[in-house]
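Commentary on secondary and tertiary structure
The residues making up each chain are set out below.
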Amino acid sequence: MAVLIIAPGLKSDWWASELQKRNPDLDVRIWPDAGNPADILYALAWKPPGGALATFPNLRVVFSLGAGVDHLVTDPAFPKQAAISRIVDPYLTAGMREYVLMHVLRHHKNQPALEAQQRDHIWDDSAYELKQADERRIGILGLGELGRSVATALVSLDFDVAGWSRSLKGIPGVDCFHGEDGLAQLIATTQILICLLPLTPQTEGILNSELLDQLPAGACLINAARGGHLVEDDLIPALDSGQLAHATLDVFRTEPLPDDHPFWDHPHITVTPHNASITDPRSVARQIVEGISAVDRGDLPPNSVDLTLGY
Ligand code: NDP
Ligand code: OXD
């Protein structure tokens, strides 16, 4: 039995040593040096080359090295016999909570506009409407591991919080919506919109001009989920017309964001390099080693992905 790390661009040696610290008996191999393909029962994967996983006939579980699994489920050759286990980790959740809180507070306090004033040497403390947190409506798309934690943290800061998910949720202090009507109701009052959805055929392109136009004028957008949620061509017109005041984007359809992409230099866009929350091998390796033992015992892998839903 061997475990393969197939994550080009990630620190595979670090992952291997964190796995072996927890189980020195594991035979860990790093792609492309997989050895005999029949030996590979488990894989740790992040954006594996299309079709590569299909070359391991005995693969039982693919551990996604991120919370999102779109990089796996979109591979038409993904091996049918393999389950997918995704990351649910307190550090990953905390990282996202910190990122979103930072940017919500930045928008709430008009910080991007104040930074622009500083660049022009303008001292003006009167230019912006005074709003308390309980007058600021935040809408969160996705109330899963990450969205729920973000929602609860925002409630604790007294924000007026709403959230939307596929199935209806009950989260103390949060106005919960679901379904198409629910989305329309949430959008109509949201001043800061946060996307924490998985990327699936149902959510692809959800951040489009039709939706952005339904937000109250001057709303802000934070997309920390996937670039495929945003129709990129719809964003700049919404910002230039003032319908949106600012967009904070961590994820893009093409990553790294191409050097000549208009988002880089737009005065009302903040770009971060897909680092809203980063998987920490020191904590996640334990989850994976325990998951391998569970499957070896005949149990289900932890945090299994429902392949019919795609997340
Ligand atoms: P979860 O699977 O725990 O939560 C997903 C949420 O989205 C659930 O509430 C789910 O509804 C909802 N949802 C899914 N499909 C729909 C739909 N069609 N309509 C309405 N709601 C829907 O995921 P996580 O919270 O762990 O992660 C969310 C995403 O964040 C990841 O998929 C990944 O893309 C992104 N991410 C980005 C990172 C970054 O650094 N930028 C880091 C980590 C994650 P229900 O509860 O009913 O199932
Ligand atoms: C993830 C990510 O899905 O980092 O975890 O994007």
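Everything numeric in this text was worked out from a predicted model, so none of it was measured.

**Here's the deal with the sheet that holds strand β10 (residues 219–223)**
Strand order in this open sheet of seven strands is β8-β7-β6-β9-β10-β11-β12, and the pairing throughout is parallel. With one partner strand each, in any of the chains shown, β8 (174–178) and β12 (269–271) form the two edges of the open sheet. This sheet shows a mean twist of 15° between the axes of neighbouring strands, independent of strand direction. Two elements, strand β9 (residues 192–195) and β10, share four bridges in a ladder whose sense is parallel. If you follow Ile194 over to β10, its bridge partner there is Ile222. Against the sheet, helix α6 (residues 179–189) engages β6 (137–141), β7 (160–165), β8 and β9, with an angle of about 155° to β7. Where helix α8 (residues 232–240) meets the sheet, its contacts fall on β10, β11 (244–249) and β12, and the angle it forms with β11 comes to roughly 140°.

**Some details on the packing of aromatic side chains**
Under the criterion given, the structure shown has two aromatic pairs. Ring centres 6.4 Å apart and planes at 40° place the aromatic pair Tyr42 and Phe63 in the tilted group. Of this pair, Tyr42 sits in strand β3 (residues 40–45) while Phe63 sits in strand β4 (residues 61–64), and the two are 21 residues apart along the sequence. Taken as a pair, Tyr42 and Phe63 share a single burial class, namely buried. With a centroid separation of 6.5 Å and an interplanar angle of 55°, the aromatic rings of Phe252 and Phe263 are classed as tilted. Residue Phe252 is found in the loop between β11 and β12, and its partner Phe263 is found in the loop between β11 and β12; the two are separated by eleven residues along the sequence. In this structure, Phe252 and Phe263 share a single accessibility class: buried.

**Focus on the site of ligand 1**
Surrounding ligand 1, one finds 28 residues, the nearest of these being Arg86, Ser167, Lys169, Asp250 and Tyr311. At a separation of 2.9 Å, a nitrogen atom of ligand 1 approaches a polar backbone atom of Arg166. Relative to its unbound accessible surface of 940 Å², ligand 1 loses 91% to contact with the protein. Broken down by secondary-structure element, the contributors of at least two residues to the shell around ligand 1 are α5 (145–156) and β7. Partitioning the shell around ligand 1 into residue classes produces 13 nonpolar, nine polar and six charged.

**Details of the nonpolar core**
Core analysis: the biggest nonpolar cluster contains 30 residues, and Leu193, Leu207, Leu221, Leu235, Leu244, Leu249 and Phe263 have the highest contact counts within it. Listed by contribution, the elements that provide at least two residues to this core are β7, α6, β9, α7 (209–214), β10, α8 and β11. Among the elements that make up this core, the one with the highest residue count is α8 (four residues). Setting aside its immediate chain neighbours within four residues, Leu244 contacts Leu212, Leu215, Ala219, Cys220, Leu221, Leu235, Ala238 and Leu239. Tyr99, Leu146, Val161 and Ala276 belong to the second largest nonpolar core, which has 26 residues in total.

**Regarding the environment of Ala52**
Locating Ala52 in the fold gives a position in the loop between β3 and β4. Sequence-wise, Ala52 and Leu143 are 91 residues apart; in three dimensions their C-alpha atoms are separated by 32 Å. Once residues within four sequence positions are removed from consideration, Ala52 is found in contact with Ile6 and Trp31.

**Observations regarding the packing of helix α1 (residues 12–22) against helix α9 (residues 281–296)**
Axis separation between α1 and α9 bottoms out at 9 Å; the angle between their running directions is 55°. The angle between α1 and α9 places the two elements in the oblique class. Along this stretch, α1 crosses α9, giving a crossing that reads as right-handed. Touching Trp14, Trp15, Glu18, Leu19 and Arg22 of α1 are Pro281, Arg282, Val284, Ala285, Arg286, Ile288 and Val289, all from α9.

**Here we look at unusual backbone geometry**
Leaving glycine aside, a negative phi is the common case for residues, and trans is the common case for peptide bonds. Backbone torsion omega between Trp31 and Pro32 reads 10°, so that peptide bond is classified as cis. The residue Pro32 is located in the loop between β2 (28–30) and β3 in this model. Pro256 follows Glu255 through a cis peptide bond whose omega is -5°. Tracing the sequence through the fold places Pro256 in the loop between β11 and β12. Here Asn303, not a glycine, exhibits a phi torsion of approximately 50°, which is positive.

**Some points on the side chain of Thr190**
Structurally, the position occupied by Thr190 is in the loop between α6 and β9. When its relative accessible area of 0% is taken as the criterion, Thr190 is described as buried. A polar atom in the side chain of Thr190 sits 2.7 Å from the backbone oxygen of Leu186.

**Some thoughts on the sheet that holds β4**
Across the sheet, which stays open at both edges, the five strands sit in the order β2-β1-β3-β4-β5 with parallel pairing between neighbours. Of all the strands in the sheet, just β2 and β5 (83–85) have a single pairing partner and so form its edges. Shown here is a sheet whose adjacent strand axes are inclined to one another by a mean of 25°, direction ignored. Examined bridge by bridge, β4 and β5 share three bridges and lie parallel to one another. Along β5, the bridge assignment pairs Phe63 with Ser85.

Cut-offs applied
- Residues numbered from 1 in each chain as written.
- Chains lettered and ligands numbered in written order.
- Predicted model: local features only at pLDDT ≥ 70, side-chain atom pairs only at ≥ 80, totals over all residues.
- Heavy atoms only, no water.
- Pairing = 2+ DSSP bridges.
- Helix = DSSP H or I, 4+ residues; strand = E, 2+ residues; numbered from the N terminus.
- Axes fitted to C-alpha atoms, helices over the stretch in contact; angles between N-to-C directions.
- Contact = heavy atoms within 4.5 Å.
- Phe/Tyr/Trp six-rings, centres within 6.5 Å; stacked < 30°, edge-to-face > 60°.
- Buried < 20%, exposed > 50% of the residue type's maximum accessible area, 1.4 Å probe, protein only.
- Near = heavy atom within 4 Å.
- Polar contact = N/O pair within 3.5 Å; in protein donor to acceptor, adjacent residues only side chain to side chain.
- Areas by Shrake-Rupley, 256 points an atom, 1.4 Å probe, with all protein chains shown as cover.
- Nonpolar A, V, L, I, M, F, W, Y, C, P; charged D, E, K, R; others polar.
- Core = buried A, V, L, I, M, F, W, Y, C linked by side-chain atoms within 4.5 Å.
- Parallel < 35°, antiparallel > 145°, perpendicular 65-115°, else oblique.
- Left-handed = near helix turned anticlockwise from the far one by under 90°.

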